[in-house]
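Okay, here's what each chain looks like letter by letter:
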Amino acid sequence: MLDPSDADLVRSAQKGNVSAIGELYDRYNERIFKYVWIRVSNKRRAEDLTGEVFARMITHLHDYREMGIPFSSWLYRIAFNLVVDYYRKEKNRAPILPAHQAQLATQDDDPVVIVEHRLTVEKLQLALDKLDESQREVIILRFLVGLSLREVAGGLDKTVAAVKSLQHRGLVALRLALVQE
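What counts, and at which threshold
- Residues numbered from 1 in each chain as written.
- Predicted model: local features only at pLDDT ≥ 70, side-chain atom pairs only at ≥ 80, totals over all residues.
- Heavy atoms only, no water.
- Salt bridge = Lys/Arg side-chain N within 4 Å of Asp/Glu carboxyl O.
- Helix = DSSP H or I, 4+ residues; strand = E, 2+ residues; numbered from the N terminus.
- Buried < 20%, exposed > 50% of the residue type's maximum accessible area, 1.4 Å probe, protein only.
- Phe/Tyr/Trp six-rings, centres within 6.5 Å; stacked < 30°, edge-to-face > 60°.
- Core = buried A, V, L, I, M, F, W, Y, C linked by side-chain atoms within 4.5 Å.
- Contact = heavy atoms within 4.5 Å.
- Axes fitted to C-alpha atoms, helices over the stretch in contact; angles between N-to-C directions.
- Parallel < 35°, antiparallel > 145°, perpendicular 65-115°, else oblique.
- Left-handed = near helix turned anticlockwise from the far one by under 90°.
- Nonpolar A, V, L, I, M, F, W, Y, C, P; charged D, E, K, R; others polar.

(A) Examining the pattern of salt bridges more closely. Across all of its chains, the model carries 9 salt bridges by this definition. In this structure, the salt-bridge partner of R11 is D8, at a minimum N-O distance of 2.4 Å. Of the two residues, R11 and D8 are both situated in helix α1 (residues 6-14); the distance of 3 residues between them amounts to about one turn of the helix. Owing to a relative accessible area of 39%, D8 belongs among the partly exposed residues under this scheme. Connected via shared salt-bridge partners are R39, E133, R136 and E137.

What follows is the structure, given as structure tokens:
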């Protein structure tokens, strides 16, 4: 039997089906957590914010209308807004590639490989810092989180063409920044 689509689950959840809400949670919890953790660099804070994303999902699910935008984009929009609010309150700027990324990316025990990898992550962090916020967000969502162009467009309330353009300009700027480092 095929898994129900997001649209089917949302319609069912909007009618009060608790198991549909649970299935939406199971489907997106890990990916939303990964996105938030990348953005806030603190596992506990990411867990709290991810929980808040799903609490807001439940609270506002009755307001959701598909209108050609994937449900996942709606969730990422909630997550994005919570991260922005978090940094406004903290008056802090998020590192784009937190320290845990360096540890997750390599399983090698060779100290030389580990140091080289961390230097590469730091170089990439500096290069990403040079991008404008829109380009940086598109690069993170596309290449670190792994969202489709359509999902990114929906989450950022932009057209697919605008996301493609931001992605292209962001990659060009990133390449230039890495060469200059």
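(B) Representation of the environment of R65 in the model. Here R65 shows up in the loop between α3 (43-60) and α4 (71-90). The exposure class of R65 is exposed, given its relative accessible area of 52%. In this structure the C-alpha to C-alpha distance between R65 and V10, which are 55 residues apart in sequence, comes to 9.2 Å.

(C) Structural context of the packing of aromatic side chains. Enumeration according to the criterion identifies 8 aromatic pairs in this entry. Here Y25 and F54 contribute two aromatic rings whose centre-to-centre distance is 4.9 Å and whose plane-to-plane angle is 70°, an arrangement assigned as edge-to-face. In this pair, Y25 sits in helix α2 (residues 18-40) while F54 sits in helix α3, placing the two residues 29 residues apart along the sequence. Taking the relative accessible area as the measure of exposure, Y25 reaches 36% and is therefore partly exposed. The interplanar angle of 55° and the centroid separation of 5.1 Å between the aromatic rings of Y64 and W74 together place this pair among those described as tilted. Of this pair, Y64 sits in the loop between α3 and α4 while W74 sits in helix α4, placing them 10 residues apart in sequence. Aromatic rings pair up to connect Y28, Y64, F71 and W74 into one cluster.

(D) Representation of the nonpolar core in the model. Judged by nonpolar contacts, the single largest core of 42 residues is most densely connected at I32, Y35, V36, M57, F71 and L75. Mapped onto this core, the elements with two or more residues apiece are α1, α2, α3, α4, α7 (133-145), α8 (149-156) and α9 (160-180). In this structure, M57 is in contact with I21, L24, F71, W74, L75 and I78, ignoring residues within four places of it in sequence. Within the second largest apolar cluster, 6 residues are counted, among which are A127, I139, L174 and A177.

(E) Focus on the side chain of Q167. Turning to its location among the elements, Q167 is positioned in helix α9. The class of Q167 is buried, set by a relative accessible area of 15%.

(F) Structural detail: the environment of A162. Within the secondary structure layout, A162 lies in helix α9. Since its relative accessible area comes to 28%, A162 is described here as partly exposed. Between the C-alpha atoms of A162 and L149, which are 13 residues apart in sequence, the distance is 9.8 Å.

(G) Region of interest: the packing of α2 against α7. In the contact formed by α2 and α7, the axes pass within 11 Å of each other and the chain directions differ by 135°. What the angle tells us is that α2 and α7 run oblique. Here α2 runs over α7; the crossing is right-handed. Counted together, K34, Y35, I38 and R39 of α2 and E133, E137, I140, L141, L144 and V145 of α7 form the full contact between these two elements. Considering only residue class, the contact of α2 with α7 consists of 6 nonpolar, no polar and 4 charged.

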